[in-house]
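Residue strings, one per chain:
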Amino acid sequence: MEKVYGLLGHPIGHSMSPLIHNDAFLNVGIKANYQAFDVEPQMLGNAIKGIKALGIAGCNVTVPHKIAVMNFLDEVDEEAKLIGAVNTIVNQNGKLIGHNTDGRGYVQSLIEETNEEIINKRFLIIGAGGAARGVITALLRHGIEELTITNRTQDKIEPLLELANLFQTPASRATREEVERNLDGFDVLINTTSVGMSPRIEDSPLSLNNLRAGAIASDLIYNPLKTKFLKEAEERGGTSHTGIGMFVNQAALSFEHWTGIKPDHQRMRKLVLDKLG
Ligand code: ATR
């Protein structure tokens, strides 16, 4: 029988997940159908019950449900607990298990696409929301030298410093002004905020005047593929790393949780690039 998979989000109109997952199922010869379900926040609990009742085999979870969904699952794995958010549900014989593939997908992509060993790098994280937490957790699990976090709202940085402390990784906070002044002290700069995302493509989270030549600028945004932040970094002799790899890898890791099969990353990437135009 054809298996059903889905995405729970609100709104879900522009998601490319159905496109890449349906293609991946077809490509590996599994009869399955992946659909996007628009679930309003007050209906989330019912939607999760529906997964069990209908025998839906697995789901992705996206904005705004990644945190709230944890209340309705039977089990949440260690990484998702640390991140405090779930983006993947596996229905294991009626037991719903939550995972988070965002952070690991990001770190995989950073290493593969920049060809750099990241352990000895000095990282700057811009932003302190859910996306930042996913990325920071994965970086800490991988092992990095040190971490600085900057955010418009300074208070939100504190829980992230506590997270770094769990891994005994030196971490500090800085204001935007401090970061801009001392930018040459960082090897990898990661924008985890939505600043620069389409349609506001002229915005950038930071001035890069003092960027060290050879530094890596990385953006979680993949629409546009090259944000102003990345273009500016390239103009100043930096290397850029776009968000498309993270999007593809998190999807591929979810697919692996569901099927045990590693899908064709390049094929997924091409589908997304074609769709972006
Ligand atoms: P996500 O799950 O995508 O990380 P989030 O938890 O709402 O979403 O976090 C969004 C992040 O982008 C936050 O760090 C936010 O800064 P604040 O904590 O000050 O709100 C940052 N952000 C969003 N819009 C911003 C803007 N216009 N300027 C600076 N930072 C912005």
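As named in an unreviewed UniProt entry, the protein is Shikimate dehydrogenase (NADP(+)), taken from Halalkalibacter kiskunsagensis. The record held by UniProt for the protein lists under Catalytic activity (unreviewed entry) the comment "shikimate + NADP(+) = 3-dehydroshikimate + NADPH + H(+)". The Pathway (unreviewed entry) comment attached to the protein in UniProt states, word for word, "Metabolic intermediate biosynthesis; chorismate biosynthesis; chorismate from D-erythrose 4-phosphate and phosphoenolpyruvate: step 4/7."

### Regarding the site of the ligand
The local shell around the ligand holds 14 residues, among which G129, G130, R152, T153 and T193 are the closest. The class makeup of the residues in the shell around the ligand is four nonpolar, eight polar and two charged.

### Digging into the pairing of strand β10 (residues 188–191)
Two faces make up the sheet, and in a regular strand the side chains alternate between them. Of the two faces of β10, the one lined by V188 and I190 and the one lined by L189 and N191 are each fully buried. Inspection of the sheet shows strand β7 (residues 122–126) paired to β10 by four bridges, in the parallel sense. Note that in β10 the partner of F123 across the bridge is V188. Inspection of the sheet shows β10 paired to strand β11 (residues 216–219) by four bridges, in the parallel sense. Following the sheet pairing, N191 is matched in β11 by D219.

### Some details on the sheet that holds strand β8 (residues 146–150)
Taken in spatial order, the six strands of this open sheet run β9-β8-β7-β10-β11-β12, and their pairing is parallel. Strand pairing shows two members of the sheet lacking a second neighbour, β9 (171–173) and β12 (239–241), which therefore form its edges. Strand-to-strand twist across the sheet, computed as the mean angle between neighbouring axes with direction ignored, equals 20°. Its contacts with the sheet place helix α5 (residues 130–142) against β7, β8 and β10, and it is angled at close to 165° to β7. The sheet contacts of helix α8 (residues 228–235) involve β10, β11 and β12, and relative to β11 the element is tilted by about 170°.

### Points about the sheet that holds strand β2 (residues 32–38)
A sheet is described by the order of its strands in space; here six strands give the open sequence β2-β1-β3-β5-β6-β4, paired in mixed fashion. For this open sheet the edge positions go to β2 and β4 (75–76), each flanked by a neighbour on one side alone. Sheet topology places strand β3 (residues 58–61) next to strand β5 (residues 88–92); three bridges connect them, and they run antiparallel. Bridge pairing links N60 to T88 in β5. Of the strands in this sheet, β1 (3–9), β3, β5 and β6 (95–99) are in contact with helix α9 (residues 244–259), which crosses β5 at around 5°.

### A few points about the environment of F167
Position of F167 relative to the elements: it lies in the loop between α6 (158–166) and β9. It is 8.5 Å that separates the C-alpha atoms of F167 and G143, two residues lying 24 residues apart in sequence.

### A word on the environment of N120
Along the chain, the position of N120 falls in the loop between α4 (102–114) and β7. For the pair formed by N120 and I144, sequence separation is 24 residues and the distance between their alpha carbons is 6.1 Å.

### Describing α6
Where α6 is concerned, the buried positions are L160, L163 and A164. Projection of α6 onto a plane perpendicular to its axis shows the buried side chains occupying an angular sector of 100°, all on one side. Projecting away from the buried face of α6 at angles above 90 degrees are the exposed residues E158, P159, E162, N165 and L166. Taken together, the buried residues of α6 touch α5, β8 and β9. Positive phi appears at Q168, one or two residues downstream of α6, with a value of about 50°.

### Quick look at the environment of I244
The topology assignment puts I244 in helix α9. A residue is classified by how many C-beta atoms lie within 10 Å of it, and I244, with 20 of them, is buried. For the pair I244 and V272, spaced 28 residues apart in sequence, the C-alpha to C-alpha distance is 8.0 Å. Apart from the residues within four sequence positions on either side, I244 is in contact with Y222, L225, R269 and V272.

The rules we used
- Residues numbered from 1 in each chain as written.
- Predicted model: local features only at pLDDT ≥ 70, side-chain atom pairs only at ≥ 80, totals over all residues.
- UniProt positions renumbered as here; feature names shortened; annotations may be inferred.
- Near = placed C-beta within 6 Å.
- Nonpolar A, V, L, I, M, F, W, Y, C, P; charged D, E, K, R; others polar.
- Buried ≥ 20, exposed ≤ 12 C-beta atoms within 10 Å, placed from the backbone.
- Helix = DSSP H or I, 4+ residues; strand = E, 2+ residues; numbered from the N terminus.
- Pairing = 2+ DSSP bridges.
- Axes fitted to C-alpha atoms, helices over the stretch in contact; angles between N-to-C directions.
- Contact = placed C-beta atoms within 7 Å.
- Arc of directions from axis to C-beta.

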